[in-house]
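Residue-level structural notes
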Amino acid sequence: MTARPENTHQARLLRLLRDSGSNSRAQLGDLVDLSRSKLAVEVDRLLETGLVVADGLAPSRGGRRSHNIRLAPTLRFLGVDIGATSIDVAVTNAELEVLGHLNHPMDVRDGPVAVFEQVLSLAAKLKASGVAEDFDGAGIGVPGPVRFPEGVPVAPPIMPGWDGFPVREALSQELGCPVMVDNDVNLMAVGEQHAGVARSVRDFLCIKIGTGIGCGIVVGGEVYRGTTGSAGDIGHILVEPGGRACACGNRGCLEAHFSGAALAADAEEAARAGRSVELAARLETAGRLTAADVSAAAAAGDAVALELIREGGE
Ligand SMILES: [Zn+2]
């Protein structure tokens, strides 16, 4: 099914049903401020698309009982999070409950063709597990700036081979459903707004410190992307002229000095220099260190690990 809501009233009704589940027509009428007859027209059109189904009678509010409607319980959405070092794929219903989830380690630098082969294989596995027959829509987050209207990554600093790759078009064809593509931190901000700590605010910044650093900017309840889609791409702002080499090819980027990758590099240096027994032991066992090791060492009271985290935070 590829039916799309035709207008903003319908989009609004769908959002309400997504966020609050089954609702009576009377209640929806109150919420969207539509006359009874206009609401009836919009709801009937939504019922025709199959996106919405009848869901019994609502409790009486006095007078005639109103009919409940809800999003079709058969709707399935695919969420894909492409990280720098791993892929997450999940299936949700229309009310965004996660029904199945798979994770796979993968280097984003392997390029879009290899990464999407893996994404499609994970999606097929989820289908085979019985949580979805098909997908009605998919949302994809990538760790770099995206030209949102076209769903195309733009000069992503840590993603060689991805510049201009038609992610939305290619995946829409493969999956047979509409696809939206955005920067991963923008999507994280949308998630915090929908079900996280930002539910009650309209303006906020969401900063993600992972392998890299990104920032989602939400203004008046909407993600602000800037003209080129890179408004929140703070990871490659110059913080130290002539500083450390960055994965993007420049020097002195914020990300080169403070990010999961930078933290891991600092920790390895400290371990090799014999400054921390704890980190040295971890390096000895694993052969390399990650930001998670630094965090674990800090939790275990390691002074050097604590110092690395504190210094970076400044
Ligand atoms: Zn950089």
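Refer to the preceding data block for the structure.
Across seven bridges, strand β5 (residues 86-92) lies against strand β6 (residues 98-105) in antiparallel orientation. In the strand pairing of β6, V91 is matched with G100. Adjacent in sequence and paired antiparallel, β5 and β6 are bridged by five residues, among which L96 carries a positive phi angle near 65°.

One can describe the packing of helix α1 (residues 8-20) onto helix α2 (residues 25-32) by two numbers: an axis separation of 11 Å at closest approach and a directional angle of 120°. When the interaxial angle is binned, α1 and α2 end up oblique. Between α1 and α2 the crossing geometry is right-handed. Of the residues in α2, those in contact with R12, L13, L16 and L17 of α1 are L28, L31 and V32. Taken together, the residues of the contact of α1 with α2 break down into six nonpolar, no polar and one charged.

This part is about the layout of surface pockets. The calculated volume of the second largest pocket comes to roughly 620 Å³. Along its surface, the second largest pocket is lined by 30 residues, and T85, R109, T211, A247 and A261 are the ones closest to its centre. Of all the secondary structure elements, the ones that give two or more residues to the lining of the second largest pocket are α7 (254-257), α8 (260-272) and α10 (291-299). The element that contributes the greatest number of residues to the lining of the second largest pocket is α8, accounting for six residues. Split by residue class, the lining of the second largest pocket holds 17 nonpolar, seven polar and six charged.

Moving on to the sheet that holds strand β13 (residues 222-224). Sheet architecture is open: three strands sit in the order β11-β12-β13, paired in antiparallel fashion. Across the chains shown, the open sheet's two edge strands, defined by having one partner strand only, are β11 (204-209) and β13. Geometrically, the sheet is characterised by an average inter-axis angle of 30° between neighbouring strands, direction not taken into account. Bridge count between strand β12 (residues 213-219) and β13: three bridges; the pairing is antiparallel.

As a further point, take empty space enclosed by the protein. The full count for this structure, using the stated rule, is one cavity of 30 Å³ or more. Quantified by volume, the largest cavity comes out at close to 60 Å³. Together, P145, N183, N186, C215, Y224, R225, G229, S230, A231, G232 and D233 line the largest cavity. A breakdown of the residues in the lining of the largest cavity according to their chemical character gives four nonpolar, five polar and two charged.

The five strands are arranged β6-β5-β4-β7-β10 in an open sheet whose pairing can be described as mixed. Lying at the two open borders of the sheet, with one neighbouring strand each, are β6 and β10 (179-183). Neighbour-to-neighbour, the strand axes of the sheet open up by a mean angle of 15°, direction not taken into account. Inspection of the sheet shows strand β7 (residues 137-142) paired to β10 by five bridges, in the parallel sense. Note on β10: the bridge partner recorded for I140 is V181. Here helix α4 (residues 112-128) sits on the sheet and contacts β4 (77-82), β5 and β6; the angle it forms with β5, its principal contact strand, is near 35°.

Cut-offs and rules
- Residues numbered from 1 in each chain as written.
- Predicted model: local features only at pLDDT ≥ 70, side-chain atom pairs only at ≥ 80, totals over all residues.
- Heavy atoms only, no water.
- Pairing = 2+ DSSP bridges.
- Helix = DSSP H or I, 4+ residues; strand = E, 2+ residues; numbered from the N terminus.
- Axes fitted to C-alpha atoms, helices over the stretch in contact; angles between N-to-C directions.
- Parallel < 35°, antiparallel > 145°, perpendicular 65-115°, else oblique.
- Left-handed = near helix turned anticlockwise from the far one by under 90°.
- Contact = heavy atoms within 4.5 Å.
- Nonpolar A, V, L, I, M, F, W, Y, C, P; charged D, E, K, R; others polar.
- 1 Å grid on protein atoms, 1.4 Å probe; cavity = no way out; pocket = protein on both sides within 12 Å on 5 of 7 lines; lining within 4 Å.
- Points joined across faces, edges and corners; volume = space filled by probe spheres on them.

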